[in-house]
Amino acid sequence: NYLRIKKAIIKYNNIERLGGWPSLPDNLILRKGDSAEEVIILKKRLYVTGDLSFYSDDNKLFDDKLENALKIFQHRHGILEDGILGPETITELNIPVSKRIKQLQVNKEKIYTLFDDYIDRYILVNIPDYKLQVIDDGEELLNMKAIIGKEHSKTPIFSDQLEYLVLNPTWRIPIKKVVRDIIPLIKGNSQYLENKNIKVFSSWDDNAVELVPNKIDWDKYNVSNFDLMLEQESGPDNELGQIKFMFPNDYLVYIHDTPDKELFKYNNRSFSSGCIRVEKPFELALYCLKDLPGWNWEKIMQVINDGEQRHIDLLEPISVVIVYWTAWVDEENNVHFRKDIYDHYKYN
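Residues numbered from 1 in each chain as written. Predicted model: local features only at pLDDT ≥ 70, side-chain atom pairs only at ≥ 80, totals over all residues. Heavy atoms only, no water.

Topic: the environment of Asn 143
Working step 1: With respect to the helices and strands, Asn 143 occurs in strand β3 (residues 139-149).
Working step 2: Sequence-wise, Asn 143 and Lys 244 are 101 residues apart; in three dimensions their C-alpha atoms are separated by 18 Å.
Working step 3: Among residues more than four places away in sequence, those in contact with Asn 143 are Lys 131, Leu 132, Gln 133 and Lys 280.
Working step 4: Among the polar contacts listed, one links the side chain of Asn 143 to the side chain of Glu 140, at a separation of 3.1 Å. (Helix = DSSP H or I, 4+ residues; strand = E, 2+ residues; numbered from the N terminus. Contact = heavy atoms within 4.5 Å. Polar contact = N/O pair within 3.5 Å; in protein donor to acceptor, adjacent residues only side chain to side chain.)

Examining unusual backbone geometry
Working step 1: Positive phi outside glycine occurs at Asn 333, with the angle close to 65 degrees.
Working step 2: Tracing the backbone through its elements, the reader meets Asn 333 in the loop between β14 (327-329) and β15 (335-337).
Working step 3: In the Ramachandran plot, Asp 343 falls in the positive-phi region, its phi being about 55 degrees despite a non-glycine side chain.
Working step 4: As for its position among the elements, Asp 343 is in the segment after β15.

Let's talk about the sheet that holds strand β5 (residues 171-172)
Working step 1: The strand order across the open sheet formed by four strands is β5-β8-β6-β7, and the pairing between neighbours is antiparallel. Lying at the two open borders of the sheet, with one neighbouring strand each, are β5 and β7 (210-211).
Working step 2: One ladder, built from two bridges, connects β5 with strand β8 (residues 229-232); its direction is antiparallel. Along β8, the bridge assignment pairs Arg 172 with Glu 231. (Pairing = 2+ DSSP bridges.)

Below, the structure written as structure tokens:
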């Protein structure tokens with residue numbers, strides 16, 4: 001990846017030396033079948049970066065080849081691949097080549113410093129790409145959509161070791177989330193906790209006493225004085241879904257399933273409180289347990305369906321690496337760019 005991104009920087013430097021690429025007018029919408037002067041500008045723009053293999057200055061028709069080329073561009077930039085020229089696609093098309101070069105250079109260094117030593121297998125989460133990959137001996141074995149933290153609860157950048165899985169987990173809800181999100185819902189609906197299978201305990205101690213929710217003065221609590229513990233029981237509606245993948249860390253972040261599957265249909269998936277929700281948790285669990293005798297797809301599903309909570313230690317820890325790459329080059333030498341969703345980098 002590092003060598004490929006170095007070659008991409010040379011390519012984009014050459015594009016800049018030759019004058020860069022043309023810009024398109026804002027607030028323009030074009031799709032297949034349209035004919036306009038701007039179609040020629042779009043064709044030239046996509047030709048410069050190799051998304052379109054050929055164009056003619058006298059052909060103003062938005063044809064099949066242009067639609068396919070635009071879909072390739074959209075794929076490389078994490079945009080909905082609809083083949084329609086609209087505001088989001090125009091914004092990405094009009095980013096100057098100088099900024100793209102700086103973006104490539106910054107990410108080249110991030111990629112270069114990823115590992116101090118060779119790691120034969122690891123789980124890679126790229127925050128701006130909303131993706132999780134499993135890499136084993138240099139080969140990608142799994143690739144799935146991920147949901148990451150919102151702007152006010154960013155997913156942190158760090159690495160750790162995945163040590164164990166929990167099937168049918170319960171969820172001890174973080175204090176900040178309880179105060180910010182849950183208490184207002186409790187005040188508005190006296191049945192909220194019961195409907196969500198959430199119990200309230202006197203503290204976070206293992207021997208804490210369960211409390212009666214309607215006898216609690218919720219108005220007196222804020223982040224600084226909240227000393228109770230809310231726990232959601234296991235089940236298909238649990239916010240952690242039916243599996244969580246644990247790599248104990250100071251951020252209290254982990255990978256888990258989710259009951260909100262419809263969220264994966266969105267392109268921009270910043271919906272969580274910092275943890276990483278994954279699209280294919282059972283496939284990931286099967287990979288993690290593949291070397292553990294007796295564990296296969298049928299065994300995992302049997303435990304899930306029985307509803308029992310099960311803690312499963314891995315034979316060997318698996319590295320989890322959470323990165324923030326807004327540019328990289330894939331094995332087919334396609335250059336990918338993503339938005340700086342947390343505003344970590346400045347490319348100007």
